[in-house]
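Below are the chains, spelled out letter by letter.
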Amino acid sequence: MSPEIKQIQQIKFHLQDKEYTVNVEEVTPNTSLNTYIRKTLQLTGTKGVCHEGGCGACIVVLYSKDVNTDKDIYLAVNSCLIPLLSCNGWRIYTIEGIGDPVKGYHVIQQTLANFNGTQCGVCSPGMVMNMYALYESGKLTMKEVENAFGGNICRCTGYRPILSAFKSLCTDASPELLGQYPDIEDLKMCKKDKCEKKCPTKCDRANKEPFYHQLADSRWMKVYSLSDLLSVLRTAGKASYKLVAGNTAQGVFSSYGGSADIYVDVMSVPELKVHEFVDTTYVLGANTSLAIAMELFTEVGKEKPQFAYLTQLANHIDLVANVPVRNTGTIAGNLMIKHDNHHFPSDIFLILETVGAKLTITDTDAQEVQMSPKDFLNYDMTLKVVKTIVFPSYNVDNVKYVSYKIMPRAQNTHANVNAGFLFQFNTNGTLDSARIVYGNINPTFAHASETEKLLTGKNLFDNAVLQQAFASLLDELTCDLIPPDPSPEYRKQLAVALFYKAVLSIAPADKLSPKNQSGGPILERPISTGVQDYETNTSLYPLTQAVPKIEALAQTSGQAQYIHDLPDVPHQLFGTLILADAPPNSIIKNIDASKALEIEGIVAFYSKDDIPGKNNFMPLDFFKEEEEIFCSGRVLYHHQPIGILVGNSQAVVQSAISLIEATYDPPTVAPLLTVRQILKEGRTDRIHDGKTIQPTRKGTDITHVIKGTFDVYQQYHFHMESQCCSVVPNENGIDIYPSSQWMDQIQIAVSKMLEIPSNKINVTVRRLGGAFGGKISRNGLVSCATALAAWKLHKPVKVYMSLTDNMHALGKRFPFSTDYEVGLNNQGIIQYMTCTHYSDLGSISNENPAQIIVLDFKGSYVNDTFKLDMKSVNTDTHHNTWTRAPGSTEALGSIEAIMEHCAMELDMDPIELRKANFPQDSPISEYIDELTTWAEIDKRKQSILTFNKENRWKKKGLSVVPMTYFFGPFGPYSVLVSILHGDGSVQISHGGIEMGQGINTKAAQVCAYKLGIDLNSVVVIPSNSFTTPNNVVSGGSLTSEAVCYGVIQACDTLIARIKPYKDKQPNGTWKDWVKACHGDYVNLSAIGMFSPKEPNVQAYKIYGACACEVLVDILTGQHIVSRVDLLEDVGQSMSPLVDIGQIEGAFIMGLGYYTTEEIIHNYEGKILTDRTWNYRPPGAKDIPVDFRVRLKKNNPNPAGVLHSKATAEPPLCLSIAVPLAIRNAVASARVDAASTNAKWFPINGTTTIEKVFVESLNNFKQYVL
Ligand SMILES: Cc1cc2nc3c(=O)[nH]c(=O)nc-3n(C[C@H](O)[C@H](O)[C@H](O)COP(=O)(O)OP(=O)(O)OC[C@H]3O[C@@H](n4cnc5c(N)ncnc54)[C@H](O)[C@@H]3O)c2cc1C
Ligand code: FES
Ligand code: FES
């Protein structure tokens, strides 16, 4: 170590306006900013979900001043990836710092709340902070805003209201958006006065001396020059070291989060951030962030023709990761990931290698070498630094550069295949050279060298040459198998198609047939818009009023508290579930926790032997089979929990997991993971007969017989709050705070597990950070494990599952398969239908959606000719479970796929075929007719036909689907309403669980309406097993209505009690009457209860219809959902913004299920898609470009609560319109490929871009100019 480097044992940074000092021995190099602000400072507004840069829940804003221009710089960054030790001298803003109830909310917080942009609210602080950075940076066009949220996942809202809210703050905001938020201008103005920033970076700039922190096991160095960096490396000797730039690489490979002896923070080394022109080249410092590189490339590309190609590089980088990752992640960091992991499909490597850039690498003696990115991959980088990137200049007239990144989602995911092409032409139009680079082919592949050679001297715009090039590419592209990434064969064909696409995109127009021109451009997505069309009844306000959610501001300001945010209490311990890393049917031989228990801070390990009562979290009061908390012997599925490890910090528990040694006898049989596998193997023992519905009639006019299959698989709920629980022992027993949709299950299961009476167990749920059915029964396991540890240790214990553990261990949407045969006549009228439906329940058969499937499958159509055989199947996977619209999704998905298949086979208009089978007496025809007019279906069908005729490589598709959804009440749900005599304000506590669906808002609206008081006078306090005991699960879309029913009952009781006092003072106020009641000892608390026995609420049907239009790029398989029109029956909406939020959110969750989300197992039954890197809920740019929602007007429901209908689940079913629209588009490509091709291809899981590409029957022989 150079003697001149100072040691500093403290770091200082500003959080908002307050300076914090941290003694470095209190932290480690891996302590993230997120951990520090959440755990140490207990500022829990900032969330942490994925901890890998993939979700945006943790975004905070870094503030600094540009050293040269003194301009304010605001950067959104992922606090989960920022090491705390990097933060010395920084000013950081968290959600708490920009606005709160005391100092006033920031305009962004208010706008998001007013646009109803929150549901569960977990994503909201990250959304607000990402917008805050943009807003304060003055980057406010709608296009920029819409492009900037690729790194923020919202599972609830479907993004539309979030984007509308933020776009309303843009300089070019459309009048409709501004109209929705009248006070916007005032709010904009008042903000400026409040936010006086002080620049902390000045002192940081003054201090340019290198320094180091001595930590327990390592040393953290901060350097300000390249020479200091090199001298540190010179003295490193054999010590392991890591250069810390953006520190985002650990978001891709967790190994980068491992420990080293020396950490060197290189982010303030000017030589690594240069940008200058040297001779004919442009030189960029290697640790330039990707965001700055984009800015510079755009600027230089615009100003200097010889570097025009840099603009396209900027466009490519726009598809790399997401805004916060690009704000800190650097070019060198990205290249080093590729250097260390050749299989990483680096976009940065790809584009640099394509344009012939050179890397300057320096060793510790400052000896520099230059080399191509390709040569760098095999260069020994020990004790070396990537210093700069050198870009060549090109003559713009004879060079063409094109690159592609083909991703399974619009943003924020790695490439299936990426490709870069640089063609240099000579004056006679032939090629001087071609650079053809591909990523994600295999770890050693970069250039298609043979094809490059072949093309040299040739005319690229000649069909014969192209055919030779395609053949050559097919020859030299050897794709490897890299599950869960797509198949080798597809990646190879896609690579060829991208070459063709590149040629089409640069070919002179006169060389191209008009029909093939469509293959050139990539899909361009316009700025999205939305329409929300609903009516309200002012005479009933606040009932039916479009109010923002009552907790919206608490959510947008980070004040809303979730279980994970509960402050740690004295002696707090932390637990983690230990999962069996063993294939199904392995037998546990031994679990040895002794090594883990030796670690300081580890307190206990418990397994099934430590459970005093039942090793079961599914009480037989509700379920037919027991389900183990901890595996007792035979492993049912890969990653089944086998125990819980407890310690005094999350970090120590995490570090000790790998020390638990479990041994297993291996299974003697391979796991059976799908229905089709079980059918193929003839494993009838795994198939259980359910109900059979017999037809009462069979038609005889059978001119067509159509057979097919429909298969859909698991979907992860992706509730942003993982499964968690906090348990605090008390003098009676325990207080439990579970992330459960069902307090009753938790109380009973824990009581039976611990063998203590239920009255010793007090369950409280304030809110859930999303659930979607995943927390109906599955939280039972987590809560029982947590309660066991807390009970045994008599200490508070918290468990918060990591995203990956949650995805591995707990059940998902029921997979479902159907085999069908349909007989129809020439008019498309069904004469008979025979279906066998298989529901895959996983390893246990406790939950079964069969009954729902039967009802909803038949719902929209004349069905007396249907024969339905219901079967359930046991596979070797976790117990599948309820997921938003369970059963209904599968039922409506399969029947609509069947209808579409039939229509294609009969060459009939699918809408007409459906109409031919609607029952005479069903309102469904009315819905389809209204949609047809509203959405201008006939006109659009014509224009799509013309478009498809004129274009070979872009296709449009339109689908229209009906929905008849059966809704049946269950219960009980109880409600307690209390009027407080001090000021007449009201509190409600109910037995439902608020998880974003807006129960609290509806309950408050109903209460205010009934009592005739202001909505602001009503608050809803957490649900609790004492105030509202014995409640059934919150689910099935029923809870909001049921709770409102309970509110009505309680209010009616109160109204009756108050009436005599009101009658006595007819001119009095509410407060007067409350005061009078209290003075006269009137009970101002009342309960209400909903049960299915209530005569006023009966089962009813919910109708809907949806039209979806897509635009598909046949050469890549990608699509844009251009427009969705969705007409939904909500009766008379109690709260239209809440209902529209449910509809949009549900639809987008379904869109994800059908197009981007895939659960993939390996042959041992292990889930491979287990993180944001490879499991892809839709993002902000995957939603419909034009999303129109209409609530059917003048449509009161006689059977529902206050004439309303349930909304949370049904609209998800309508999302089947998306894969069907894609099939309609692809049908045109299939017929173009050969007129004899069948138009239809079956639904077999997610309609991924791989499937679309393959099913479009791409064949390079047809790739002509
Ligand atoms: C959610 C997410 C999505 C992503 N998606 C994509 C994608 O689609 N395409 C893609 O290409 N990439 C993607 N990435 C990768 C991203 O571009 C890189 O994480 C980032 O560029 C790494 O830079 P960094 O500065 O953070 O590196 P760090 O994490 O700071 O460092 C990574 C490694 O580089 C070394 N290093 C850093 N600087 C130097 C230097 N000057 N000389 C020598 N060694 C050095 C470090 O020692 C370390 O070993 C994604 C990342 C995330 C988190
Ligand atoms: S928690 Fe940081 S991005 Fe997900
Ligand atoms: S509101 Fe966005 S994740 Fe729940």
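For clarity, every value in this text was computed on a predicted model and none was experimentally measured.

Student: Explain the site of ligand 1 here, please?
Tutor: With respect to spatial proximity, 35 residues lie near ligand 1, and among them Asn247, Thr248, Thr330, Asp347 and Lys405 are the closest. Contacts to ligand 1 include Thr330, whose side-chain N or O atom sits 2.7 Å from an oxygen atom. Backbone polar atom of Val386 to a nitrogen atom of ligand 1: 2.9 Å apart, as the coordinates give it. In the complex, the protein chains occlude 97% of the 980 Å² of accessible area that ligand 1 would expose alone. Among the secondary structure elements, those contributing two or more residues to the shell around ligand 1 are strand E9 (241-244), helix H14 (331-340) and strand E15 (385-391). Of the residues forming the shell around ligand 1, the biggest block, 5 residues, is contributed by H14.

Student: Would you take a moment to explain the packing of helix H28 (residues 888-906) against helix H37 (residues 1217-1233) for this structure?
Tutor: Between two packed helices, both the angle of their axes relative to each other and the distance between the axes serve to describe the pair. As a packed pair, H28 and H37 sit with axes 11 Å apart at the nearest point and diverge in direction by 20°. With respect to each other, H28 and H37 are oriented roughly parallel. With respect to the hand of their crossing, H28 and H37 are arranged in right-handed fashion. Touching Glu896, Ala897, Glu900 and Met904 of H28 are Leu1220, Arg1223, Asn1224 and Ala1227, all from H37. Of the residues that constitute the contact of H28 with H37, the class distribution is 4 nonpolar, 1 polar and 3 charged.

Student: What should I look at first to understand the pattern of salt bridges in this one?
Tutor: Think of it this way: side chains of opposite charge can pair up when their charged atoms draw near. Taken as a whole and assessed by the stated rule, the structure comprises 59 salt bridges. Across the pair Lys1193 and Asp533 runs a salt bridge, and its minimum N-O distance is 2.6 Å. Here the residue Lys1193 occupies a position in the loop between strand E42 (1186-1191) and helix H36 (1210-1213), and Asp533 occupies one in strand E19 (residues 529-533), the gap between them amounting to 660 residues. Judged by relative accessible area, Asp533 falls into the buried class, the value being 17%. With a closest N to O distance of 2.9 Å, Arg697 and Asp864 form a salt bridge. One end of the pair, Arg697, is in the loop between strand E25 (687-693) and strand E26 (704-712); the other, Asp864, is in the loop between helix H27 (850-858) and strand E33 (866-874), and 167 residues separate them in sequence. Each of Asp533, Glu926, Glu930, Arg1190, Lys1192 and Lys1193 takes part in a single network of salt bridges with overlapping partners.

Student: Would you take a moment to explain the sheet that holds strand E38 (residues 1023-1024) for this structure?
Tutor: Strand pairing in a sheet relies on backbone hydrogen bonds, with the paired strands running either antiparallel or parallel. Within the open sheet, the 8 strands sit side by side as E22-E23-E20-E30-E27-E28-E29-E38. Their pairing is mixed. Both edges of this open sheet fall to strand E22 (602-606) and E38, since each of them pairs with a single strand only. The pairing of strand E20 (residues 573-579) with strand E30 (residues 797-800) spans 3 bridges and is classified as parallel. For Leu573, the partnering residue across the bridge sits in E30 and is Val797. Along the sheet, helix H24 (residues 743-754) contacts strand E28 (734-738), strand E29 (761-765) and E38; its crossing angle with E29, the most-contacted strand, is approximately 150°. Lying over the sheet, helix H25 (residues 779-793) contacts E20, E22, strand E23 (641-647), strand E27 (724-729), E28 and E30, oriented at roughly 25° with respect to E27.

Student: Is there a simple way to think about the packing of aromatic side chains in this case?
Tutor: For any pair of aromatic rings, geometry is given as the distance between the ring centres together with the angle between the planes. Counted by the stated rule, this structure contains 46 aromatic pairs. Judged by centre distance (6.1 Å) and plane angle (70°), the rings of Phe253 and Phe344 are edge-to-face. Here Phe253, found in the loop between E9 and strand E10 (262-265), pairs with Phe344, found in the loop between H14 and helix H15 (347-355); they are 91 residues apart in sequence, far enough to count as distant. Looking at Phe253, the relative accessible area reads 18%, which means it is buried. Between Phe967 and Tyr1100 the ring centres are 4.6 Å apart and the planes differ by 25°, which places this aromatic pair in the stacked class. Placement of the pair is Phe967 in strand E34 (residues 954-967) and Tyr1100 in strand E40 (residues 1100-1113), with a sequence separation of 133 residues. Residue Tyr1100 is classed as buried on the basis of its relative accessible area, which comes to 7%.

Student: Hey, could you run me through the sheet that holds strand E4 (residues 59-65) in this one?
Tutor: The mixed open sheet is built from 5 strands, whose spatial order is E3-E2-E6-E4-E5. The outermost strands of the open sheet, each flanked by one partner alone, are strand E3 (18-23) and strand E5 (72-78). Going from strand to strand, the sheet's axes swing by 35° on average, the running direction of each strand aside. Relative to strand E6 (residues 91-93), strand E2 (residues 10-15) runs parallel, the two sharing 2 bridges. Along E6, the bridge assignment pairs His14 with Arg91.

Definitions and cut-offs
- Residues numbered from 1 in each chain as written.
- Chains lettered and ligands numbered in written order.
- Predicted model: local features only at pLDDT ≥ 70, side-chain atom pairs only at ≥ 80, totals over all residues.
- Heavy atoms only, no water.
- Near = heavy atom within 4 Å.
- Polar contact = N/O pair within 3.5 Å; in protein donor to acceptor, adjacent residues only side chain to side chain.
- Areas by Shrake-Rupley, 256 points an atom, 1.4 Å probe, with all protein chains shown as cover.
- Helix = DSSP H or I, 4+ residues; strand = E, 2+ residues; numbered from the N terminus.
- Axes fitted to C-alpha atoms, helices over the stretch in contact; angles between N-to-C directions.
- Parallel < 35°, antiparallel > 145°, perpendicular 65-115°, else oblique.
- Left-handed = near helix turned anticlockwise from the far one by under 90°.
- Contact = heavy atoms within 4.5 Å.
- Nonpolar A, V, L, I, M, F, W, Y, C, P; charged D, E, K, R; others polar.
- Salt bridge = Lys/Arg side-chain N within 4 Å of Asp/Glu carboxyl O.
- Buried < 20%, exposed > 50% of the residue type's maximum accessible area, 1.4 Å probe, protein only.
- Pairing = 2+ DSSP bridges.
- Phe/Tyr/Trp six-rings, centres within 6.5 Å; stacked < 30°, edge-to-face > 60°.

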